[in-house]
Amino acid sequence: MRLEYFEMIDRVTTLDRETKRIEVSSVVPQESPVFEGHFPGHPLVPGVLLTETMAQASGYLVLGVMGFTHMPFLMGVDKARFRTFVGPGTVLNVTAQLEHEGSGYAVTKARITAEGKPICDAELRFRIMPFPEGMDGLMRAQARRIGLLEETV
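Residues numbered from 1 in each chain as written. Predicted model: local features only at pLDDT ≥ 70, side-chain atom pairs only at ≥ 80, totals over all residues. Heavy atoms only, no water.

1. Notes on the sheet that holds strand β1 (residues 11-16)
So, point 1. Strand order in the open sheet made by the 6 strands is β1-β2-β4-β5-β6-β3, with antiparallel pairing throughout. The sheet terminates laterally at β1 and β3 (71-82), the two strands that pair on one side only. For this sheet, the mean angle separating the axes of adjacent strands, direction not counted, is 20 degrees.
So, point 2. The pairing of β1 with strand β2 (residues 21-27) spans 5 bridges and is antiparallel. The residue bridging Thr14 from the neighbouring strand is Glu23, located in β2.
So, point 3. Sheet strands touched by helix α2 (residues 47-66): β1, β2, β3, β4 (91-102), β5 (105-114) and β6 (117-129). Its angle to β6, the strand with the most contacts, is close to 50 degrees. (Pairing = 2+ DSSP bridges. Helix = DSSP H or I, 4+ residues; strand = E, 2+ residues; numbered from the N terminus. Axes fitted to C-alpha atoms, helices over the stretch in contact; angles between N-to-C directions. Contact = heavy atoms within 4.5 Å.)

2. Section: the side chain of Ser26
So, point 1. Relative to the helices and strands, Ser26 resides in strand β2.
So, point 2. Looking at Ser26, the relative accessible area reads 1%, which means it is buried.
So, point 3. A distance of 2.5 Å separates the side chain of Ser26 from the backbone oxygen of Met8, its partner in a polar contact.
So, point 4. Excluding residues within four positions of it along the chain, Ser26 makes contact with Met1, Met8, Ile9, Asp10, Thr90, Val91 and Leu92. (Buried < 20%, exposed > 50% of the residue type's maximum accessible area, 1.4 Å probe, protein only. Polar contact = N/O pair within 3.5 Å; in protein donor to acceptor, adjacent residues only side chain to side chain.)

3. Some details on helix α3 (residues 135-145)
So, point 1. Along α3, the residues classified as buried are Met139, Arg140 and Ala143. Buried residues along α3 cover an arc of 100 degrees about the axis, so they all sit on one side.
So, point 2. Taken together, the buried residues of α3 touch α2 and β3.
So, point 3. Two residues or fewer after α3 comes Gly147, characterised by a positive phi angle close to 85 degrees. (Arc of directions from axis to C-beta.)

4. A look at the packing of aromatic side chains
So, point 1. This structure, assessed with the given rule, holds 0 aromatic pairs.
So, point 2. The ring centre of Tyr105 lies 4.9 Å from the NZ or CZ of Arg127, which sits over that ring. (Phe/Tyr/Trp six-rings, centres within 6.5 Å; stacked < 30°, edge-to-face > 60°. Lys NZ or Arg CZ within 6 Å of the ring centre and 35° of its normal.)

So, to be careful, I would describe these as geometric facts and stop short of saying anything about function.
Right under this line is the structure:
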């Protein structure tokens with residue numbers, strides 16, 4: 001997890017295309033420029049970055065289920081709930097379930113846990129669109145880095 005570069009996912013542990021579910025893991029870094037301001041002397045992962053983590057897991061789920069044919073763009077976050085704080089060194093487990101896909105949109109339910117305890121959850125809405133020029137190759141490279149793609153799809 002590299003907070004300052006918005007690389008929130010370390011590894012895809014499970015992608016089940018049949019049930020349309022993904023599980024990913026990430027370890028919050030011990031040090032990050034983000035912690036210098038949030039908060040000095042008491043580093044916490046900002047809620048917006050936890051939301052981004054759920055959105056990235058959901059986005060990789062949509063990419064995997066759709067075979068990398070289109071790009072999901074986050075459009076909305078509904079029913080977001082944050083239950084506790086997350087500090088450096090925390091191992092995050094993220095799950096996302098595809099609830100709806102069609103008519104150019106996708107909806108997921110995602111949650112983050114640590115040591116089995118709930119951290120946050122939300123419903124996320126995505127617009128499914130053609131890849132911007134050159135973006136498909138970049139997304140495939142990221143997917144290979146995190147273990148979503150073993151071979152070229």
